[in-house]
Amino acid sequence: MKIALLGYGKMGQVIERIALERGHEIVLKKDEFNTYEGLSNADVAIDFSVPMAAVDNISSCFHANVPVVSGTTGWLEHYDEMVALCTEKNGGFISSSNFSLGVNIFFELNEYLAKIMAQFDTYKVDMEEIHHTQKLDAPSGTAISLAKGVIENSAYTNWTLETPKPNEIHIEAKRIGDVPGTHTVTYESVVDSIEIKHTAHNREGFALGAVIAAEWLAGKQGIYNMKDVLNLNDKK
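Residues numbered from 1 in each chain as written. Predicted model: local features only at pLDDT ≥ 70, side-chain atom pairs only at ≥ 80, totals over all residues. Heavy atoms only, no water.

### Notes on the overall build of the protein
Thinking step 1. Looking only at helices and strands, the protein features seven helices and eleven strands.
Thinking step 2. The globule rule puts the C-alpha radius of gyration for 236 residues at 18 Å, and the 18 Å found for the protein is close to it.
Thinking step 3. Taken over the C-alpha atoms alone, the protein extends approximately 60 × 35 × 30 Å along its principal axes.
Thinking step 4. Burial analysis of the protein (236 residues in total) assigns 47% to the buried set.
Thinking step 5. Sequence-distant contacts in the protein: of pairs separated by 6 or more residues, those separated by 24 or more amount to 65%.
Thinking step 6. Accessible surface computed for the protein: about 11600 Å², of which carbon and sulfur atoms make up 51%. (Helix = DSSP H or I, 4+ residues; strand = E, 2+ residues; numbered from the N terminus. Rg over C-alpha atoms; globule rule 2.2 N^0.38 Å. Buried < 20%, exposed > 50% of the residue type's maximum accessible area, 1.4 Å probe, protein only. Contact = heavy atoms within 4.5 Å. Areas by Shrake-Rupley, 256 points an atom, 1.4 Å probe, with all protein chains shown as cover.)

### A word on the packing of aromatic side chains
Thinking step 1. Inspection of the entire model under this criterion finds five aromatic pairs.
Thinking step 2. Consider the rings of W75 and Y79, whose centres lie 6.3 Å apart with planes at 45 degrees: the pair is tilted.
Thinking step 3. We classify W75 as buried; its relative accessible area is 1%.
Thinking step 4. Each ring, one from W216 and one from Y224, has its centre 4.9 Å from the other, and the planes form 85 degrees; the classification is edge-to-face. (Phe/Tyr/Trp six-rings, centres within 6.5 Å; stacked < 30°, edge-to-face > 60°.)

### Overview of the packing of helix α2 (residues 51–63) against helix α3 (residues 79–88)
Thinking step 1. Between α2 and α3, the least distance of the axes is 9 Å, while the angle of their chain directions is 10 degrees. Between α2 and α3, the angle falls in the class roughly parallel. When α2 is examined against α3, the residues V55, I58, S59, F62 and H63 are found in contact with a partner set consisting of M82, L85 and C86.
Thinking step 2. A breakdown of the residues in the contact of α2 with α3 according to their chemical character gives six nonpolar, two polar and no charged. (Axes fitted to C-alpha atoms, helices over the stretch in contact; angles between N-to-C directions. Parallel < 35°, antiparallel > 145°, perpendicular 65-115°, else oblique. Nonpolar A, V, L, I, M, F, W, Y, C, P; charged D, E, K, R; others polar.)

### Overview of the pattern of salt bridges
Thinking step 1. Counting across every chain of the model gives ten salt bridges.
Thinking step 2. D137 is the salt-bridge partner of K135, the closest N and O atoms lying 3.2 Å from each other. One exposure class covers both K135 and D137, and it is buried.
Thinking step 3. Here the salt bridges do not stand alone but share partners, grouping R17, E21 and E204 into one network. (Salt bridge = Lys/Arg side-chain N within 4 Å of Asp/Glu carboxyl O.)

### Side note on the layout of surface pockets
Thinking step 1. Put simply, the largest pocket is a space of about 920 Å³.
Thinking step 2. Taken together, 36 residues make up the lining of the largest pocket; nearest its centre are M11, F48, S49, V50 and H132.
Thinking step 3. Of all elements in the fold, only α1 (10–21), α2 and α5 (141–151) reach the threshold of two or more residues within the lining of the largest pocket.
Thinking step 4. Broken down by class, the residue content of the lining of the largest pocket amounts to twelve nonpolar, 17 polar and seven charged.
Thinking step 5. For the second largest pocket, the calculated volume is near 690 Å³.
Thinking step 6. Forming the boundary of the second largest pocket are 24 residues, of which S95, S96, S97, S145 and N225 lie nearest the centre.
Thinking step 7. Listed by contribution, the elements that provide at least two residues to the lining of the second largest pocket are α3, α4 (101–117), α5, β11 (222–224) and α7 (226–229).
Thinking step 8. Counted by class, the lining of the second largest pocket contains seven nonpolar, ten polar and seven charged residues. (1 Å grid on protein atoms, 1.4 Å probe; cavity = no way out; pocket = protein on both sides within 12 Å on 5 of 7 lines; lining within 4 Å. Points joined across faces, edges and corners; volume = space filled by probe spheres on them.)

Following this line, the structure appears as structure tokens:
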């Protein structure tokens, strides 16, 4: 399979190594210093760039008739626009806040726990996420996905980085060293606490998941997510 890498920072380089190990060919390594030349030769593209570049990268894929997997966060105010363009161009698209297989299992666990805890108003939920100091957006896209998972399965209606209102989930975002990503969801009452936590030890899991998603998406049309890739729909 021929892959175009859109974004060639630390994540892009790990994705390249894993893709080559799995027998794929890299036909484009796009950064801020080069063009999209070679994109049309790709079977699929993987975008791990920066928020300001993501929309151009994704739309360029749709115009070139190349399915695209995007793991860039911080640009989702344009998500509906990209979905509309994908539909118009009969493209293929997967966007996820986190491609790690473990994190996507964690998402499922978070939603299941939220359904249970919604029955008990003595518990208050809050979240913490820790990432490396180079991460540009806060809270992380993964933390936002976790908060949405709780909101969709409880009486909570919003999340905030500030002091929360009764119907809001507080997210504490920390930027420390070279931490790949740690996410904790805590339910606290006066008598006890329930906590679930995912800790990434390196970038390998994110990169492997992105390559697996690209393998799954190649040759497909439509808008998908990691539940489709991992066959997690309707598992709960």
